[in-house]
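# Coordinate analysis (summary)
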Amino acid sequence: MSDSTTLKTRREFLRTTLLGGALTWTVPTFLANTFTALHAAAADRATQIVTGKDAPILVVLQLAGGNDGLNTVIPFANDHYHKARPSLGLKGDRVLKLNDTIGLHPALVGFKALYDAGQLGIVQGVGYPNPNRSHFRSTDIWMTASDADRFENRGWIGRYFDANCDGCDPTVGVAVGRQMPLAFAGKQPKGVALDNPANYRFKGGAPASAGEMDTTDESFKKLNFVMEDDGSANSGGSIGAIAGQMMEAGAPLEFIERTALDAQVSSDQIRALASKVRNTANYPSSQLGSSLGLVARLIGGGLATRVFYVSQGGYDTHTNQGGTHERLLKDLADSVKAFTDDLKSQGNHERVLVMTFSEFGRRVAQNGSQGTDHGAASAMFLIGGKARSGLLGEYPSLAPQDLHQGDLKFKVDFRTVYAGVLEQWLRTPSEPVLGRRFTPLNVV
Amino acid sequence: MLMPLSAARWNDQTAAHLLNRAGFGGPPAEIEQLVALGPEGAVNRLVDYEQIPDATKDPEWARPDPERLQRLAALRQKSEEERRLALREEQQLQRQRIMELRGWWLRRMVSGPRPLQEKLTLFWHGHFATSVEKVRDAYYMWRQNELFRRLASGSWPQLLAEVGKDPAMLIWLDQAQSRREKPNENFARELMELFALGEGHYTEKDVTEAARALTGWTLDRATQKFVERDRAHDPGSKTILGRTGNFTGDDVIEIVVAQPQAARFITGKLWHYFAGVRPDAALNDALAAELRAAGMNFKPLLRKLFLSEEFYAPNVIRTQVKSPVQWLVMAIRQLERPLPPPQVCHTLTRSLGQELFQPPNVKGWDGGLTWITTNNLLTRYNEAATLVYGDLGPVRDAMRANPNRAAAQEPRLQRRMEERLDRLRLAGVDPEKLFTVDERFKKEELIAALERRFLQAPLRETQRQALRQFLDARGATDNDDILGAIRLILCTPDYQLT
């Protein structure tokens, strides 16, 4: 069965179900199973079917703004470090030592505990050739896994979905937040974005007229889920032509219609799960804390999601970095620690891998405003019951002659980390997703 | 390239398209006026906006406050407790003012006499995206907004130079802190990458050299004005974009804007903003040539743009996703309803992903299809009830779902905001103001009037039938049924486009 046939069938099936009289417009969970049955052809693929209760889950955690890797995973015994950062550098007696030369920022107590428990891996010196120092461009490069000089419209997770889950529920990818990250962009849009489950539904009808809800909802569905071959109904030459053009694949109207359909399908499922399951750990009252708390509830409830996406912003520390960076890292470590505790008590700890990334690290030398400017290589964290623990990769040299325009040279291409995550964790060939062969870094 | 629009194509739909894109749309009566003016008359009316008097008053706090610095300095003598209290008051004052400023600007968009000027001001705000989050001063944000308005269709080199010296920008991209010993590259980089040239049209070396030349441009916090400090300036020789000399900040702007790419870059972005699609290479070249021919002034280019066949192409009309601000302002105008208070408007657009004076980063809002996610679409649908019925439930939901940073830190603030909301009463739409008697009582006429007012295009047949069934199920149509039908139209994929 070709991809397009599968997708067309799925959409028609959803429309019919949603418009059918017998069912309410919410979609029961059996739908996911029905799809697996409908598209048994997909099971023939070499890769495993993506949905399934016990399948591994990836949580991508973006540290937006360019996290200062040097003050996160700190080479405290290195003279070059202290010379370049006379006031921002952290001395050996303050860091949480991992060995004789490397230590974690003192705010990362939660990460140290996970490290000691063998559940946290630190990939040192991660970057890519010809690093770009623009937030946006570099973020795009990480999101699309492209070379620095190539522009891609599709994200690496979107390509993973394209290759592995035709006919999946839209909830195969969940981005916590109001915007869909570029990483999720695929040939066929998949995944949902939400920031609060309680509001994640259509509340029809006039206020205080509950009796009239039904006709409003019925009409709402008919107005939103228009059958595809309906374009001909438009009368008048120019309008018809416009409508025809808008109905082309990828056109805005069709995109919004598809989004409306996905919203409908995922809404009931997500709300039910989020309210059924409770968090058992104490999360910081931050945006990241509540994002990860929601992810834990959705995992606990058994949502068939393979990739969750959460982010924490504020790392663009050009001025007065000290206090800001400390607050951010504390929030990060405390939130992730609570998340792993929560998953442990659910018994899902070994199914989940958290991977952090940031668009770049920061310049080795501090600037004149008690801050740091955009740099290059930085560190990634891998966290989970099965994550490969310890210091991975190699710390780049800080010696002035080894720097490139004042920045660290990378030792590990981030796409080898992605390759490891794809092959060893999500169990799918990485080459179709990343566009070429990268030797996977061992992540589990 | 840039074929003039043939007069035969001027009709309800093309006139509506002009008003939708060059402004924020409007009720059928306004569209009819533009139809009557003919294409050139209509475009001139929008473009030559200086000829229309604008009596809008500035916010009463929108003037320099030379004592502010002294007040803040005097705090150093005070106890820590007093300092904390004073700082909190200051923050609260700034928060109130920025909210007032949002309302002030939205009102200009909704009912100001110069829609294109406001549409352009919104473009420049997204282009030179500066956030109050870092600037922390409503007065500076207002000044920047006024700068965008004053030079909205003016000269590109002048606008770039004035933006470089604008207090909010000096703070936002750290130029105020850049000194010869340690040049800060932030403004120099974004000037080339995001403001004037685009990626791939400069080197890293150009950025560091331009940053050196820009040292000395800073903000005098006492006078609240731009100042060029010789002591902080690096007077040495620099090489920028192939030219070498002892350049200053003004030279940087001149060198950058003289690049052939400068005209291409900004006209490409303007076309995208107004047409909703990216221009192909030939069209972009034609637009850039128009800008250069006009001595880098935008007004003649805009006139040609709005009178071009390309701007009215089928893939342009009704294919642009409304930004949350467009969605709000256009709906208010089409519904002919009063503008809700600033806090309500802000909560609505914020929950849809757009906060005026607070773009997510210096790149501005990504826009286009990225406005539409499953979450944002459901939120748009739900918030339509606020605009149609005056129902504040969705506003309350949004406020609780995304408490702003200040409210998250201060639960008292959140409670106060909710209490204010509890006391608020918002009017609903008055159908009798929107529709004639015939339209209100004859279902087919009502449907046609709804299409004309809200979509400026016919519904598809199944949608039309659904709407008809909705009205039929309720017997004789009353005002509540009309509101229900409006609500339904606002909750369609079609309505999210303009």
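Small disclaimer: the values here were computed from a predicted structure and weren't measured.

The helix and strand inventory of chain B stands at 26 helices and four strands. A compact globule built from 498 residues would reach a C-alpha radius of gyration of about 23 Å, and chain B, at 25 Å, matches this within 12%. Counting every position in chain B, which comprises 498 residues, the buried fraction comes to 49%. Pairs at least 24 residues apart make up 72% of the contacts formed inside chain B by residues separated by at least 6 positions.

Here the focus is the environment of G313 of chain A. Residues and elements named next belong to chain A. For G313, the position within the fold is in the loop between strand 8 (307–312) and helix 11 (321–346). Exposure remark for G313: the 15 C-beta atoms within 10 Å place this residue in the partly exposed category. Between the alpha carbons of G313 and L303 there is a distance of 26 Å; along the sequence they are ten residues apart. For G313, the contacting residues outside a window of four places in its chain are A64 and G65.

It is worth spelling out unusual backbone geometry at this point. Residue and element names in this part refer to chain B. In this model, Q224 sits at a positive phi of 60°, which is unusual for a non-glycine residue. Backbone geometry at L241 places phi at a positive 50°, although glycine is not the residue there. Note that L241 resides in the loop between strand 3 (238–240) and strand 4 (243–245).

A word on helix 10 (residues 186–196) of chain B. All names here are of chain B. Of all eleven residues making up helix 10, eleven are buried, and the element is well covered by its neighbours. On its buried face, helix 10 sits against helix 5 (115–127), helix 8 (156–164), helix 11 (204–214), helix 12 (249–257) and helix 13 (260–275). In the stretch just after helix 10, G198 is the one whose phi turns positive, near 95°.

Moving on, we get to the sheet that holds strand 2 (residues 73–74) of chain A. Hydrogen bonds along the backbone pair up the strands of a sheet, which may run parallel or antiparallel. All names here are of chain A. The three strands lie next to each other as 2-4-3, forming an open sheet whose pairing is antiparallel. Taken across any chain shown, the strands that pair with only one partner, and hence form the sheet edges, are strand 2 and strand 3 (96–97). As judged from the two bridges shared by strand 3 and strand 4 (residues 103–104), these two strands associate in the antiparallel manner. Opposite L96, over in strand 4, you have L104 as the bridge partner.

Glancing now at the confidence of the model for chain A. Residue and element names in this part refer to chain A. Per-chain confidence: chain A averages 83 in pLDDT, with 80% of residues scoring 70 or above. Predicted confidence is poor over residues 1–7, with pLDDT under 50, and the contacts of this stretch with residues over four places away or in other chains come to nine contacts. Across residues 21–51, where pLDDT falls below 50, the model places 42 contacts with residues more than four positions away in sequence or in other chains.

Contacts between the two partners involve 60 residues from chain B, matched on the other side by 55 residues from chain A. Looking at the side of chain B that touches chain A, the elements that each hand over two or more residues are helix 10, helix 18 (374–389), helix 19 (393–401), helix 25 (461–472) and helix 26 (479–490) of chain B. Ranked by the residues each element gives to the side of chain B that touches chain A, the list is headed by helix 18 of chain B, at ten residues. Its residues assigned to classes, the side of chain B that touches chain A comprises 22 nonpolar, 22 polar and 16 charged.

As a further point, take helix 24 (residues 443–455) of chain B. All names here are of chain B. With 13 residues, helix 24 extends 17 Å from end C-alpha to end C-alpha; this agrees with the ideal 18 Å at 1.5 Å per step. Residues of helix 24 that are buried sit in contact with helix 2 (28–47), helix 16 (324–335), helix 22 (431–434), helix 23 (437–441), helix 25 and helix 26. Remark: Q456 follows helix 24 within two positions and exhibits a positive phi of approximately 50°.

Cut-off values and rules
- Residues numbered from 1 in each chain as written.
- Chains lettered and ligands numbered in written order.
- Predicted model: local features only at pLDDT ≥ 70, side-chain atom pairs only at ≥ 80, totals over all residues.
- Helix = DSSP H or I, 4+ residues; strand = E, 2+ residues; numbered from the N terminus.
- Rg over C-alpha atoms; globule rule 2.2 N^0.38 Å.
- Buried ≥ 20, exposed ≤ 12 C-beta atoms within 10 Å, placed from the backbone.
- Contact = placed C-beta atoms within 7 Å.
- Pairing = 2+ DSSP bridges.
- pLDDT = per-residue confidence, 0-100.
- Nonpolar A, V, L, I, M, F, W, Y, C, P; charged D, E, K, R; others polar.
- Expected span 1.5 Å × (residues − 1).

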